[in-house]
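Each chain, written out:
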Amino acid sequence: MEFSVLGPLRMSEGGKSYTPTAPKQRQLLTLLLLNANQVVSTGTCIEELWDNSPPNSALSTLQSYILQLRRSLRRVPRIGSLQAARLILETRDGGYLLAVRSDELDTDRFWSLVREGRSALHHDDVRASACLSEALRLWQGAALSDVQRGPVLRALLVGLEEERTSVREQRIAADLRLGRHQELLGELSRLTAKYPMHEGLHAQFMLALHRTGRRTQALEVLRQLSTVLRDELGLDPSARVRRLHQAILAGDPVLDVPACTDSVLTAEPGAPAGRPLSAGGGLVAAGVPARRPEQLVRH
């Protein structure tokens, strides 16, 4: 049995799809999958399906949707009966629980690879890059691109997409430390276009361009970022981005050493796109001061 939410919703076995087609059932299945092996209260289900305007029949309608989902599960050969389906989609006090094995749900595989990759960062960047890359390959486009979303799902998906961006940024940081700046140019060009206010990604793009001898283009990336931040947020780039700018202008040799990529701007894990900085210094500064990389902050 396989469940997929990192892209279109899918419930399948042996290559055959058993995904429900009714919009509300798909929405409910998604909510249960994103809270797999946890009880989701009936109140949360109703809030997701009808927001602030539930019908008087909301509870009975919800129970009907649960029955339809169990019937979808029953069609899976390995399950085969409504009684067996009830052991997978359980009724619990005050809600419902969808029991899913860790190898059945793509988000579980994603988190497992992310944990493995993050544990290897800095001391084994080859492994870290490989694990984080494999985690990102599980995504088949935007999460749940074919499912309608109520308030609960919207909040969950914002967090999931932000985590995807954070993982990608950490993988790029590992690749920069491995000296793979040339290979990163196309990806970083696309990402900075997609996230025009994300300072960490822009900083990584600036570094990759600088290392490939494109200093003028690196400075143009900063100019574009500065324009967007001022126009959209009324802000200037962070002090750390400005210090990277100064290091590029000065041709500081610390920027050319892949092993010193901790002296390069990368956003802290989980920081939101747009201005991923914290008072503690989530972005790592390039040359702070330029000739003293031992003082550069690590994340």
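Here we summarise the structure given alongside this text. What you are looking at is a predicted structure, and each value in this text was computed from that prediction instead of being measured.

Read across the sheet, three strands follow the order E1-E2-E3 without closing on themselves; strand pairing throughout is antiparallel. A strand with exactly one partner marks an edge of an open sheet, and here the two such strands are strand E1 (2–4) and strand E3 (16–17). In the sheet, strand E2 (residues 10–13) pairs with E3 via two bridges, with the strands oriented antiparallel. Pairing of Glu-13 across the sheet is with Lys-16, part of E3.

What follows is about the side chain of Gln-27. Structurally, Gln-27 is set in helix H1 (residues 23–33). In this structure Gln-27 comes out as buried when scored by relative accessible area, which is 2%. At 2.7 Å, the side chain of Gln-27 and the side chain of Glu-48 are in polar contact. With near-sequence residues (within four places) excluded, Gln-27 lies in contact with Glu-48, Leu-49, Val-147, Gln-148, Arg-149, Gly-150 and Leu-153.

Summed over the entire model, instances satisfying the criterion amount to three aromatic pairs. An angle of 20 degrees between the planes, with centres 6.2 Å apart, marks the rings of Trp-50 and Tyr-65 as stacked. Of the two residues, Trp-50 sits in helix H2 (residues 42–50) while Tyr-65 sits in helix H3 (residues 58–74), which places them 15 residues apart along the sequence. Taking relative accessible area as the criterion, Trp-50 reaches 15% and is therefore assigned buried. Overall, the relative accessible area of 17% leaves Tyr-65 in the buried class. Taking the centre distance of 5.8 Å and the plane angle of 80 degrees together, the rings of Phe-110 and Trp-139 count as edge-to-face. Here the residue Phe-110 occupies a position in helix H5 (residues 106–120), and Trp-139 occupies one in the loop between helix H6 (125–137) and helix H7 (151–177), the gap between them amounting to 29 residues. Residues Phe-110 and Trp-139 agree in their burial class; the two are buried. One aromatic cluster is present, built from ring pairs that chain together Phe-110, Trp-111 and Trp-139.

On to the sheet that holds strand E6 (residues 95–98), then. Strand order in the open sheet formed by three strands is E4-E6-E5, and the pairing between neighbours is antiparallel. Only two strands of the sheet have a single neighbouring strand rather than two, namely strand E4 (40–41) and strand E5 (89–92). Where E4 lies against E6, two bridges are found, and the strand directions are antiparallel. Paired with Ser-41 across the strands is Gly-95, a residue of E6. Seen against the sheet, H1 touches E4, E5 and E6 and runs at an angle of roughly 70 degrees to E6.

Parameters at a glance
Residues numbered from 1 in each chain as written. Predicted model: local features only at pLDDT ≥ 70, side-chain atom pairs only at ≥ 80, totals over all residues. Heavy atoms only, no water. Pairing = 2+ DSSP bridges. Helix = DSSP H or I, 4+ residues; strand = E, 2+ residues; numbered from the N terminus. Buried < 20%, exposed > 50% of the residue type's maximum accessible area, 1.4 Å probe, protein only. Polar contact = N/O pair within 3.5 Å; in protein donor to acceptor, adjacent residues only side chain to side chain. Contact = heavy atoms within 4.5 Å. Phe/Tyr/Trp six-rings, centres within 6.5 Å; stacked < 30°, edge-to-face > 60°. Axes fitted to C-alpha atoms, helices over the stretch in contact; angles between N-to-C directions.

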